[in-house]
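The residues making up each chain are set out below.
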Amino acid sequence: MTQPFDLKEAIKQTGIFHEAWYLLMYPDVRNSGQPALDHYLQNGINEDRCPHPFFIPAYYYAHYPDVVERKQNAISHYLRHGGRERRKTSPLVDVDQYYRLYGDLVLKTSTQSVLEDFVKSRDRHKAFVFLDADYYRDQASNDNKHFNRLLEHFLTEGLENLHDPHRLLQLKMIGLGKIHSERFENFCNLFQAGNRFSNVKTHPLAEPEFFIKKHGQPLVNPTIEFLKTWRKQKSWLNPLFDVAFYMRRHKLKGDQPDPFSHYLQDEESQMGEPNPYFDPKFYTKHWGDRLEPGQHPIEHYVKNGHLPWFQPSERFGQRYYFTRHPEVATSGGSALLHFLHAGLGQGEAPKPPEPFFDDTQGLTDDEIVALIKALPEREGEPEVSVVIPVYKNLYYTLRCIYFALKSRDGTPFELIVADDQSPDGSGEYLMEKLDGIPGITVRINEENLGFLLSCNAAAASCEAPYLFFLNNDTVVLDGWLDELMDTVGREKDVGLVGSKLIYPNGLLQEAGGIIWEDASGANFGRMDDPTACKYNYMRDVDFISGAAIMVSRENWEKVGGFSEELAPAYYEDVDIAFKLRDEGLRVIYQPRSVVVHFEGISSGTDITTGVKRFQAVNKEKMQEKWKEKLKGLGTQGDYSLEIIDRRPKGRILIYDAEIPQTDKDAGSLLAYYYMKIFCELGYRVTFIGSNLVKGGRYATQLQKFGVEVIHTPFAQNARKYVLDNGHDFDMFLLSRAPAGGELFAELKQSFPEKPIVFDTVDLHHLRLMRQFELSNDIKYLHEANKMKDLEYKLITSADATILVSDFEIDLLRSEIGPFPSVVIPLIYEKYDRIAGFKDRIDIAFVGNYRHTPNVDAVRYLVEKVWPRFREYGLDARLHIIGSHMGQEFDEFVEDDINLVGFVEDLDGYLADIRMTVAPLRYGAGVKGKVGNSLRLGVPTVASPIAAEGMALKHEETLLVASSAESFAKEMKRLYTDEDLWEKLSRNGQEHVISQFGVDAARKKLAALCKTLIDSRKS
């Protein structure tokens, strides 16, 4: 027979009564002299008193009205049913997270609940991020090694004595109250929304209002949210504290305490840099007298950064930025905050080009050697041998060595310092002073060989796979080597790759070199602004000055190194470029690698005397040696586009509303791949957005593989730029009817002989018509008809139209007849899934909420589908992910609905998610959210509209549902059926890569270019 449930005995056996805490919470019990447990069992249960800080009856009743309706006692219900049902008992305990972290341990023991498991276990620290055990031990002078007991100590004596549980949670600043019960209640309020503690400051450097503005209103206090999510979201608790930067700088890993706590651990660490542009030491040195006693420089700048004289570091120009952005100054905004959270993403410069100054200027040679010796040893087997040829100028050589070793580049390298019998004793000094320093080898030639032969001799001693020749009168900037290695790893047939060279005054020295048919040459861009668009995309060039060039050792040996007939120097860099090109290899300029060059230090600038005279001598040798290859290279002084960028098969201009933001919408990802593939096919791509915003990292990722991005301040009007420069292009690709459609007619009239491709992205009029059918709002019908007229006009006038599905082609042909088209639904690269069904939890919806179908889908999901799914009692949470959430999203917040917002690493976030949903009720085109989820091996439940155009099959590659009831049912099936999940995960990945892989898209775009560009040229 089943024994009757004995509540009092269950409380004793589970151990969930905490005597010390009970007495602190209830002074009347303490004053009565009655044993605490006796009081609770006799009176406290019926009075719904709290037996443990992790069980709050009022909280339990508020979250579970079914318990109230049945008139059941909270603790009785929990011990009999609630614990096994994973019900929540306190805002301090995230049950879902607890099970995610320790579920196996809970289920393998005899415990029936999270609360019982906590009481009977020693260490569940990962589930309680608000207690930093080591920090609290120091605060409370408590040596208990068991985390769980330490946490209970904090909730009793710690709160009583206001011992802070964490560096970011300063109890006195929070103002919890005077008595223990009040303090406990208010501490719990930090973990709940809708009270005065939801947004309270918990530390002088915590800025909750900024956090909410940046990331949206969380369900808990922003500090608590930061501690819970910093690993995934790299969120900003303070507008100056860049978590991602700080982790990289200090090589912190995700299993360590949060980076902000690491920063606050002592006075020395608090003087470290929270981002690349704020230097607390610099700030204190210049403005320390303005700081209040105990005030941190960060806190002071956040309050006073709107004033132009508070320069935050040498790397940020406060007055300069206000000059470029008067609207920031007018609004009372902070210069650096605007730059970090707006300007940086738009490609704004933190300060103007300026002369190169550094921490070695004014130091003696021995002092620079001391700096070199103080640098940490670089790790890894060298992948690159950096050859530094030396002849005199010891001071510059030491600086060159120092900055190479000091750089943050991760590519392992060694330095080969090749002294050519310097008359100033450089070789002997370097040999003596640098002896024994790992990664540096000093060679002294037995006799003076001259620059060229000295380089060849040094290269012969190298064993690394790559050789980098670096003048001794240079200083490298971060990225100098990593960017070149990235280029040779990504591009095909690379013979030689080189850096952008800038003068120490901040102006450009060279963005690749030009050679004309008489063998004369020029540094392209000399003395110009190095940030100009035309100097900042990767491209094939005639040659690159030998001050900073890299070549594989294999190719170096294949062409015999520098040609000895050009000794002692000059034109060896031009000659090797021609030799490598003769072998079918490319010479590539990569502007992301930047080197400061003090030109002329070693050899002077007078071409009539000294070694410099060989510049003229070797020009004549070049004319004779390469006379056939020089033909057709243009006349000296010709800087036309065909000369400075002479190797593309054709030129394509792409016009859209804004630069593709590849992690925010499917259309952007498609545009990114179009450009990447065009470049790989040998075409030059120029991108211009109608808003002319550079786009920060989004522009950089395009420029790195050869896309020229046009932006302010180098163009002020996108339409004017296109019409003024349209003659330079062989094809125009105009994206989206509302954006590209603006220019179509003018381009057709101005350049009738040039083909125009219209990329619909999706059929906008179809999306608007479906929105009308759903809402019955007549305005959408008018908009749909207007957009339909525009799209049909563009499609019938274009030389080709890119569509995303056969469904769209069939629809259009049924109305307008045949038209030239190409179908490219999505483009994806293969992804290797790691976690399986059992290692995942929860459900996600992903979207860009500037796109109204996504907003409608979220509302439908939250209001109609999720309540039905919730009835299955699976304790799953819904994560709503994506950018541009409006205020209306605040009403969607519930305990099991998490408004995540924009996630930079979406792939990483979804790696822990069990499934996604796409309940779109209107829209057009193929849905990137569905394709990307399947690519990642995350199965999805989608509406028919969300699944259209991708040849997906219900029960084979995804589940399709049409109503709220069927959606909830299919979600439950997929969430609980491991075999079904594994089948859809596997099939979905295979389908996406086979149908929408890069190779399939490449063939279609190659055929498009062959028809519209190559055939017309031939």
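Residues numbered from 1 in each chain as written. Predicted model: local features only at pLDDT ≥ 70, side-chain atom pairs only at ≥ 80, totals over all residues. Heavy atoms only, no water.

Draft legend 1. Highlighting the overall build of the protein. The helix and strand tally for the protein stands at 46 helices and 25 strands. For 1018 residues, the compact-globule formula gives about 31 Å, and the C-alpha radius of gyration of the protein, at 33 Å, lands near that figure. When burial is assessed residue by residue, the protein has 57% of its 1018 residues classed as buried. Long-range pairs, those at least 24 residues apart, make up 70% of the contacts in the protein with a sequence separation of at least 6. (Helix = DSSP H or I, 4+ residues; strand = E, 2+ residues; numbered from the N terminus. Rg over C-alpha atoms; globule rule 2.2 N^0.38 Å. Buried < 20%, exposed > 50% of the residue type's maximum accessible area, 1.4 Å probe, protein only. Contact = heavy atoms within 4.5 Å.)

Draft legend 2. Focus on the UniProt feature "domain: Glycosyltransferase 2-like" (unreviewed entry) in the protein. On the UniProt side, "domain: Glycosyltransferase 2-like" (unreviewed entry) is annotated at positions that read residues 385–507 here. Spanning residues 385–507, this segment combines 33% helix with 28% strand, and its end C-alpha atoms are found 29 Å apart. (UniProt positions renumbered as here; feature names shortened; annotations may be inferred.)

Draft legend 3. Just the pairing of strand β6 (residues 494–502), in detail. Most of β6 sits inside the fold, with nine of its nine residues counted as buried. Both β6 and strand β11 (residues 548–552) contribute to a ladder of three bridges, which runs antiparallel. Within the sheet, the bridge partner assigned to Leu-496 lies in β11 and is Val-551. Note that β6 and strand β7 (residues 508–510) share two bridges and pair antiparallel. Paired with Ile-502 across the two strands is Leu-508, which belongs to β7. What sits between β6 and β7 in their antiparallel hairpin is a turn of five residues, with Gly-506 showing a positive phi close to 95°. (Pairing = 2+ DSSP bridges.)

Draft legend 4. Quick peek at the sheet that holds strand β24 (residues 940–942). Strand order in the open sheet formed by six strands is β22-β21-β20-β23-β24-β25, and the pairing between neighbours is parallel. Of all strands in the sheet, those bounded by a partner on one side alone are β22 (897–901) and β25 (959–960). Where strand β21 (residues 878–881) lies against β22, four bridges are found, and the strand directions are parallel. Across the sheet, the residue bridging to Ile-880 is Leu-899, located in β22.

Draft legend 5. Layout of the packing of aromatic side chains. Tallying each qualifying case throughout the model produces 58 aromatic pairs. Centre to centre, the rings of Phe-732 and Phe-751 are 5.9 Å apart; their planes meet at 45°, and the pair counts as tilted. Taken as a pair, Phe-732 in strand β16 (residues 731–735) and Phe-751 in the loop between α36 (736–750) and β17 (756–759) lie far apart in primary sequence, 19 residues in all. For the pair formed by Phe-732 and Phe-751, the shared burial category is buried. Three or more aromatic residues link up through ring pairs in this structure, and these residues are Phe-54, Tyr-98, Tyr-102, Phe-118, Phe-128, Phe-130, Tyr-136, Phe-154, Phe-187 and Phe-191. (Phe/Tyr/Trp six-rings, centres within 6.5 Å; stacked < 30°, edge-to-face > 60°.)

Draft legend 6. Expanded view of the side chain of Glu-299. For Glu-299, the position within the fold is in helix α19 (residues 297–304). Once residues lying within four places of it in the same chain are set aside, the contact partners of Glu-299 are Pro-204 and Leu-205.

Draft legend 7. Summary view of the pattern of salt bridges. The final tally for this structure, using the stated rule, is 60 salt bridges. As a salt-bridge pair, Glu-491 and Arg-490 come within 3.2 Å of each other at their nearest N and O atoms. Accessibility expressed as a relative area gives 15% for Glu-491, which makes it buried. We note a salt bridge from Glu-565 to Lys-625, for which the minimum N-O separation is 3.0 Å. Here Glu-565 is found in the loop between α28 (553–558) and α29 (572–582), whereas its partner Lys-625 is found in helix α30 (residues 614–625), with 60 residues between them in sequence. A cluster of three or more residues bridged by salt bridges with shared partners is formed by Glu-483, Asp-486, Arg-490, Glu-491, Asp-540, Arg-586 and Lys-704. (Salt bridge = Lys/Arg side-chain N within 4 Å of Asp/Glu carboxyl O.)

Draft legend 8. Highlighting unusual backbone geometry. Note that the residue after Ala-567, namely Pro-568, is joined by a cis bond; omega there is 10°. As for its position among the elements, Pro-568 is in the loop between α28 and α29. Backbone geometry places Met-527, a non-glycine residue, at a positive phi of 70°. By secondary structure assignment, the location of Met-527 is in the loop between β9 (521–523) and β10 (539–540). Judged by relative accessible area, Met-527 falls into the partly exposed class, the value being 45%.

Draft legend 9. Here's a closer look at helix α38 (residues 778–797). Taking 1.5 Å of rise per residue, 20 residues should cover 28 Å, and α38 covers 29 Å from first to last C-alpha, within 8% of that figure. Turning to α38, its buried residues number three or more, namely Tyr-780, Ala-784, Met-787, Glu-791, Tyr-792, Leu-794 and Ile-795. Buried residues of α38 fall within an arc of 160° about the axis and therefore sit on the same side. What points out from α38, more than 90 degrees from its buried face, is the exposed set His-782, Lys-786, Asp-789, Lys-793 and Thr-796. Residues of α38 that are buried sit in contact with α36, β17, α37 (764–775), β18 (800–803) and α39 (806–816). (Expected span 1.5 Å × (residues − 1). Arc of directions from axis to C-beta.)

Draft legend 10. Fine view of the nonpolar core. Among the nonpolar cores identified, the biggest contains 92 residues, and Ile-372, Ile-401, Ile-440, Phe-468 and Phe-469 are the most heavily contacted of them. The element that contributes the greatest number of residues to this core is helix α24 (residues 394–406), accounting for eight residues. Ile-401 has contacts with Ile-372, Ile-388, Leu-415, Val-417, Leu-430, Leu-434 and Ile-440, leaving out every residue within four places of it along the chain. Membership of the second largest hydrophobic core comes to 89 residues, among which are Ala-671, Leu-826, Tyr-849 and Leu-984. (Core = buried A, V, L, I, M, F, W, Y, C linked by side-chain atoms within 4.5 Å.)

Draft legend 11. Seen up close, helix α26 (residues 451–460). Those residues of α26 that fall on the buried side of the exposure criterion are Leu-452, Ser-454, Cys-455, Asn-456, Ala-458 and Ala-459. Turning to α26, the residues buried within the fold contact β1 (384–390), β2 (413–419), β3 (440–444), β4 (466–470), α28 and α29.

Draft legend 12. Representation of the environment of Gly-886 in the model. Relative to the helices and strands, Gly-886 is located in the loop between β21 and β22. Gly-886 sits in the partly exposed class, given a relative accessible area of 27%. Gly-886 sits 293 residues away from Ser-593 along the chain, and the two C-alpha atoms are 40 Å apart.

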